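Take a look at the letters that make up each chain.
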Amino acid sequence: MTFNWNRLTVTVSAKGKKLIKLDNDIKEKRNFLNITYFWTLVIFIYILFHIDDYIDYLVSAFYNMFTITTPSMPNLSLFNRFMAFLLFFFVLAIYWHLNTLKKLEKKFNDLRINVIDSINSGFCYHNNSCTCKDDYILFMRKEKGIDLIFK
Ligand SMILES: [Zn+2]
């Protein structure tokens, strides 16, 4: 199903295209987050399997802060340190990307409601009864999965 954007007024088609772009951005962001969730889980499971090493290290690090005499410090391997850093980094990344996803979703929904509200005025370049509006609503729903009927 193709849609001829030229028959719509400039504003209507610009808003529609922007809506599709935002929708794609949201889908991309969700896919990216799903991949990030997966790898975060993998790292987390690795750390769980080596939790004794981490706890030994943290306990003695804590102990060292309050004592002058330094007991022998258990060694946390470079790879274990790297995995802990990675987990921290991934959690921060998830936080940041979830925040942008939320902003994108809000932007998308505000624009979607704006389109619904303005769909009855100055929609296309035809004067009398045409099917532009219905074609547009159907195209957006069937091809793009964007609902322009219900708020
Ligand atoms: Zn029309």
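The coordinates are above.
Asks: Tell me about the pattern of salt bridges, residues and numbers included.
Replies: On inspection of all chains with the given rule, the structure shows seven salt bridges. Asp25 is the salt-bridge partner of Lys21, the closest N and O atoms lying 2.8 Å from each other. Remark: Asp25 and Lys21 occur in helix α1 (residues 10-49); sequence separation between them is four residues, near one turn of the helix. Note that Lys27 is salt-bridged to Asp23, the shortest N-O span being 2.8 Å. With Lys27 and Asp23 both in helix α1, this residue pair falls four residues apart, about one helical turn. On the basis of relative accessible area, Asp23 is assigned to the buried category, the value being 11%.

Asks: Talk me through the coordination of the zinc ion; I want residue IDs and the actual numbers.
Replies: Those donors, Cys124 (SG), His126 (ND1), Cys130 (SG) and Cys132 (SG), are the protein atoms that reach the zinc ion, and they lie 1.9 to 2.3 Å from it. Given four donor atoms and angles of 97 to 115° at the metal, the environment of the zinc ion is assigned as tetrahedral. When the donor residues of the zinc ion are listed from N- to C-terminus, their spacing reads C-x1-H-x3-C-x1-C. The exposure class of Cys132 is buried, given its relative accessible area of 0%.

Asks: If you had to explain the nonpolar core to someone new, which residues and values would you point to?
Replies: Among the nonpolar cores identified, the biggest contains 26 residues, and Trp5, Leu8, Leu19, Phe123, Tyr136, Met140 and Leu148 are the most heavily contacted of them. Going through the elements one at a time, α1, α3 (78-118) and α4 (132-144) are the ones with two or more residues in this core. It is α3 that provides the largest number of residues to this core, a total of seven residues. Ignoring sequence-local partners within four residues, the contact set of Trp5 consists of Ser13, Gly16, Lys17, Ile20, Tyr136, Phe139 and Met140. Residues Ile43, Tyr46, Leu76 and Phe90 belong to the second largest nonpolar core, which totals nine residues.

Asks: Now, about the environment of Tyr63: what can you tell me, with residues and values included?
Replies: When you line up the elements, Tyr63 lands in helix α2 (residues 51-66). Accessibility expressed as a relative area gives 44% for Tyr63, which makes it partly exposed. Note: C-alpha distance between Tyr63 and Asn75 (12 residues apart in sequence) is 15 Å.

Asks: Account for the side chain of Ser60, naming residues and giving values.
Replies: Within the fold, Ser60 resides in helix α2. Owing to a relative accessible area of 10%, Ser60 belongs among the buried residues under this scheme. Within the structure, the side chain of Ser60 is placed 3.1 Å from the backbone oxygen of Tyr57, a separation counted as a polar contact.

Asks: Explain the environment of Lys27 to me, and be specific about the residues and the numbers.
Replies: Its relative accessible area of 42% is what places Lys27 among the partly exposed residues. Along the primary structure Lys27 and Asn64 are separated by 37 residues, whereas in three dimensions their C-alpha atoms are 48 Å apart. In this structure the side chain of Lys27 is engaged in a polar contact, spanning 2.8 Å, whose partner is the side chain of Asp23.

Conventions and cut-offs
- Residues numbered from 1 in each chain as written.
- Predicted model: local features only at pLDDT ≥ 70, side-chain atom pairs only at ≥ 80, totals over all residues.
- Heavy atoms only, no water.
- Salt bridge = Lys/Arg side-chain N within 4 Å of Asp/Glu carboxyl O.
- Helix = DSSP H or I, 4+ residues; strand = E, 2+ residues; numbered from the N terminus.
- Buried < 20%, exposed > 50% of the residue type's maximum accessible area, 1.4 Å probe, protein only.
- Donors = N, O, S within 2.8 Å, 3.2 Å for Na, K, Ca; no water.
- Tetrahedral: all angles 85-135°; square planar, octahedral: opposite > 155°, others 65-115°.
- Core = buried A, V, L, I, M, F, W, Y, C linked by side-chain atoms within 4.5 Å.
- Contact = heavy atoms within 4.5 Å.
- Polar contact = N/O pair within 3.5 Å; in protein donor to acceptor, adjacent residues only side chain to side chain.

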